Amino acid sequence: DKAPLSKSLLLVPSAISILLTLLFQHYQKFFVYNLQAVKEDFQVWRLVCGRTICLDLKDTFCSSLLIYNFRVFERRYGSRKFSSFLLGAWMLSALFDLLLVEITQYIFGITINSLPSGFLGPVFALFVPFYSSIPRVQVTQVLGHFSITNKSLVYILGLQLLTSGSDIWILALSGLISGICYNSSILKVHRILCVPRWVAKIFSWTLEPVFSSAEPMNEVRVGMGATVDIQRQQRMELLDRQIMMSQVAQMRRQRQQQGGMINWNRLFPPLRHRHNANYQDHRPSEQGIPPPTEISEEQVARLMEMGFSRGDALEALRASNNDLNVATNFLLQH
């Protein structure tokens, strides 16, 4: 729902990859990411074919799962901004692929003629906004020391994709660099590499009706899954929707039922009770209060994008010492 581009990237390349592997193996040569042919024979079309369709089903499976998890960005920012990020990351990662291959040959003397095929550069680039803008919420602990969060599964999938080939580290590194460059507020790459508005309208009129899905009306009433993995995935889906719609009441009940979690009520009083008389009576003296922390407007804007008001965002950031993750968890529970 509300992610037609992610749905198309999940279905179309995966279907073509399966067809090439099972039925049309003699056409796989046209989708090989051959850098030597691009540089020497100027076969630029190989950049499009080789950097779109995976020829390894393991890469297809892992990249499809990652695109499915990264659909939250299309829901949050819209299809046009999400497609602009993918386009910019795709173009930048193609450039960095060539540069990293030349650097590897110059420094280590290793000649790399081809790289793994597929839409892997933009997938690795999406880890940059995933790390910086998705709140980290603890789900459970393993052996009392290792924390399992809502982001652990995505990082495990990325590690699995990274270890699927010998030269895929070049695609991962170029993808991460392109994601950092596109997200940088200094380079202003997002203003140059973006999808024009008229192109976005054409695709919204033609392809969006094909890949759009109706909004589920009974999602809350669906029972818990039969396995632990299904239950965990359903909790992640619910958390994503709560972040978008600011439905914090149910999150507070879930946090109170979980054991071993930090009770934020003991650290910070609820926002709606900050100015009542009881809190004023127990407030420490002004002599022992440290100087106020400078609040980052960028973090305030991120919290406001999640649906919180500016006043609540400022209060949460002050209470958490300008820590975005702590402030987000605090707002979700109050």
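Keep in mind that this is a model prediction, so the values were computed, not measured.

Thresholds applied
Residues numbered from 1 in each chain as written. Predicted model: local features only at pLDDT ≥ 70, side-chain atom pairs only at ≥ 80, totals over all residues. Heavy atoms only, no water. Axes fitted to C-alpha atoms, helices over the stretch in contact; angles between N-to-C directions. Helix = DSSP H or I, 4+ residues; strand = E, 2+ residues; numbered from the N terminus. Parallel < 35°, antiparallel > 145°, perpendicular 65-115°, else oblique. Left-handed = near helix turned anticlockwise from the far one by under 90°. Contact = heavy atoms within 4.5 Å. Nonpolar A, V, L, I, M, F, W, Y, C, P; charged D, E, K, R; others polar. Core = buried A, V, L, I, M, F, W, Y, C linked by side-chain atoms within 4.5 Å. Buried < 20%, exposed > 50% of the residue type's maximum accessible area, 1.4 Å probe, protein only. Salt bridge = Lys/Arg side-chain N within 4 Å of Asp/Glu carboxyl O. UniProt positions renumbered as here; feature names shortened; annotations may be inferred. pLDDT = per-residue confidence, 0-100.

Which residues make up the packing of helix α4 (residues 57-69) against helix α9 (residues 152-162), and what values do they have?
Relative to each other, α4 and α9 sit at 150 degrees, their axes nearing to 10 Å. In this view, α4 runs roughly antiparallel relative to α9, as classed from their interaxial angle. Both α4 and α9 take part in a crossing whose hand is left-handed. Across the interface between the two elements, D59, C62, L65, L66 and N69 of α4 pack against V154, L157, G158, Q160 and L161 of α9. Class assignment of the residues belonging to the contact of α4 with α9 gives a composition of six nonpolar, three polar and one charged.

Summarise the environment of K2; cite the residues concerned and give the values.
Secondary-structure assignment places K2 in the segment before α1 (4-22). Sequence-wise, K2 and R75 are 73 residues apart; in three dimensions their C-alpha atoms are separated by 5.7 Å.

Could you give an account of the nonpolar core, naming the residues involved and the relevant values?
One finds L66, F70, F73 and L115 to be the most contacted residues of the largest nonpolar core, which totals 43 residues. Of all the secondary structure elements, the ones that give two or more residues to this core are α2 (35-40), α4, α5 (71-77), α6 (79-108), α7 (120-125), α8 (127-133), α9 and α10 (168-183). For this core, the leading source of residues is α6, giving nine residues. Apart from residues lying up to four places away in sequence, L115 is in contact with Y33, L35, D97, V101, D167, I170 and L171. One finds F308, A313, A316 and A327 within the second-largest nonpolar core, a separate group that totals 13 residues.

Provide a residue-level description of the pattern of salt bridges, including the pertinent values.
This model, assessed by the stated rule, comprises three salt bridges. Put simply, E102 and K39 hold a salt bridge, and the shortest N to O gap is 3.0 Å. Here E102, found in helix α6, pairs with K39, found in helix α2; they are 63 residues apart in sequence, far enough to count as distant. As a salt-bridge pair, K58 and D56 come within 3.2 Å of each other at their nearest N and O atoms. Judged by its relative accessible area of 47%, K58 is partly exposed. With relative accessibility at 27%, the residue D56 sits in the partly exposed group.

Kindly report on the UniProt feature "transmembrane region" (unreviewed entry) in the protein, identifying the contributing residues and their values.
Under the UniProt annotation, "transmembrane region" (unreviewed entry) lies at residues 6-24, 82-100, 106-130, 142-162 and 168-187. Here residues 6-24 is 89% helix and 0% strand, with 25 Å between the C-alpha atoms at its ends. Helix makes up 52% of residues 106-130 and strand 8%, and the two end C-alpha atoms of the span are 33 Å apart.

I'd love a proper account of unusual backbone geometry, names of residues and values included.
The backbone of F42 sits at a positive phi, close to 55 degrees, despite the residue not being glycine. Mapped onto the elements of the fold, F42 is located in the loop between α2 and α3 (45-50). The exposed category is assigned to F42, whose relative accessible area is 65%. For K188, which is not glycine, the phi dihedral falls at a positive 60 degrees. Locating K188 in the fold gives a position in the loop between α10 and α11 (189-192).

Let's hear about the side chain of S174: which residues, and what values?
Examined against the element boundaries, S174 turns out to sit in helix α10. Ignoring any residue separated from it by four or fewer positions in sequence, one finds S174 in contact with S93, F96, D97 and L100.

Would you mind going over the side chain of S133 in detail, with residue names and values included?
Among the structural elements, S133 can be located in helix α8. According to the relative accessible area criterion, S133 is buried, its value standing at 8%. Once you skip the residues sitting within four places of it in the chain, S133 turns out to touch F73, R76, Y77 and M306.

Give me the confidence of the model for the protein: which residues, what numbers.
For the protein, per-residue confidence averages 78 on the pLDDT scale, and residues scoring 70 or more make up 74% of the total. Overall, residues 218-223 carries pLDDT values under 50, and its contacts beyond four positions in sequence, including any with other chains, amount to four contacts. Under a pLDDT of 50 for its full length, residues 246-252 has, in the predicted model, 17 contacts with residues more than four places off or in other chains.

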